[in-house]
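Commentary on secondary and tertiary structure
For reference, the chains in residue letters:
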Amino acid sequence: MDLPNITVSSLDLARLNHLIDALPKDSQPELDNLRYELDRAVVIAPENIPATVVTMNSTIRFIIEPTGKTFELTLSYPEDALEKPGRISVLAPVGSALLGLAVGQQMEWPIPGGNTIKVRVLDVSYQPERSGEYIK
């Protein structure tokens with residue numbers, strides 16, 4: 001499986017590594033997948049993130065193959081995903097898959113039960129970095 005290049009802001013990387021380190025090591029096997037993605041990501045300063053890249057707190061329209069279902073959700077930290085509708089946690093399999101992808105890119109991602117899904121980014125309608133917002 002060819003993995004697409006992904007881009008992560010240095011600020012998101014620091015926050016996500018802190019989040020992962022704070023969780024119990026056996027809390028979620030998906031953490032290994034997220035950690036692997038962060039390790040292979042191209043890391044750049046927040047102000048240099050391309051406007052089409054999915055960052056934390058971005059609102060994204062995406063499709064899940066093979067179902068063809070489309071969603072528009074905001075990629076969030078776990079505590080925000082629980083408190084507000086229309087959000088997906090970065091710790092959810094689809095959330096981890098979306099992080100760092102650009103519009104038009106797709107990623108195959110393992111889900112519980114041994115299956116995989118394919119997620120493709122259709123649009124990034126809001127991105128904090130594009131709006132000059134670098135806090136939270």
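Details of the structure are given in the entry above.
The structure reproduced in this document is the subject of the present report. All figures in this text were calculated on a predicted structure; none of them were measured in a lab.

1. A few points about the overall build of the chain
Counting its regular elements, the chain contains 4 helices and 7 strands. Tracing the chain from N to C terminus, the helices and strands come up as β-α-α-β-β-β-α-β-α-β-β. Taking 14 Å as the expected radius of gyration for a compact globule of 136 residues, we find that the chain reaches 14 Å, a close match to that expectation. Summarising its shape, the C-alpha atoms of the chain cover approximately 40 × 35 × 30 Å along the three principal directions. Residue burial in the chain is summarised as follows: out of 136 residues, 44% are buried. In the chain, 59% of the contacts between residues at least 6 apart in sequence involve partners at least 24 apart. Split by element, the accessible area of the chain, about 7,000 Å² in all, is 53% carbon and sulfur. If the 12 positive side-chain charges of the chain are averaged to one point and the 18 negative ones to another, these points end up 4 Å apart.

2. Overview of the pairing of strand S4 (residues 69-76)
Examined bridge by bridge, strand S3 (residues 59-65) and S4 share 6 bridges and lie antiparallel to one another. What sits directly across from Thr-59, in S4, is Thr-74. Taken together, S3 and the strand that follows it, S4, pair antiparallel across an intervening segment of 3 residues, in which Gly-68 is found at a positive phi of about 80°. Two elements, S4 and strand S5 (residues 87-89), share 3 bridges in a ladder whose sense is parallel. Counterpart to Thr-74 in the pairing with S5 is Arg-87.

3. Side note on the nonpolar core
In this structure, Val-90 and Leu-99 are the most contacted members of the largest nonpolar core, which totals 32 residues. Residue assignment for this core shows that the elements contributing at least two residues are helix H1 (10-22), helix H2 (30-40), S3, S4, helix H4 (93-98), strand S6 (106-110) and strand S7 (116-126).

Conventions we followed
- Residues numbered from 1 in each chain as written.
- Predicted model: local features only at pLDDT ≥ 70, side-chain atom pairs only at ≥ 80, totals over all residues.
- Heavy atoms only, no water.
- Helix = DSSP H or I, 4+ residues; strand = E, 2+ residues; numbered from the N terminus.
- Rg over C-alpha atoms; globule rule 2.2 N^0.38 Å.
- Buried < 20%, exposed > 50% of the residue type's maximum accessible area, 1.4 Å probe, protein only.
- Contact = heavy atoms within 4.5 Å.
- Areas by Shrake-Rupley, 256 points an atom, 1.4 Å probe, with all protein chains shown as cover.
- Lys, Arg positive; Asp, Glu negative; His and termini not counted.
- Charge placed at Lys NZ, Arg CZ, Asp CG, Glu CD.
- Pairing = 2+ DSSP bridges.
- Core = buried A, V, L, I, M, F, W, Y, C linked by side-chain atoms within 4.5 Å.

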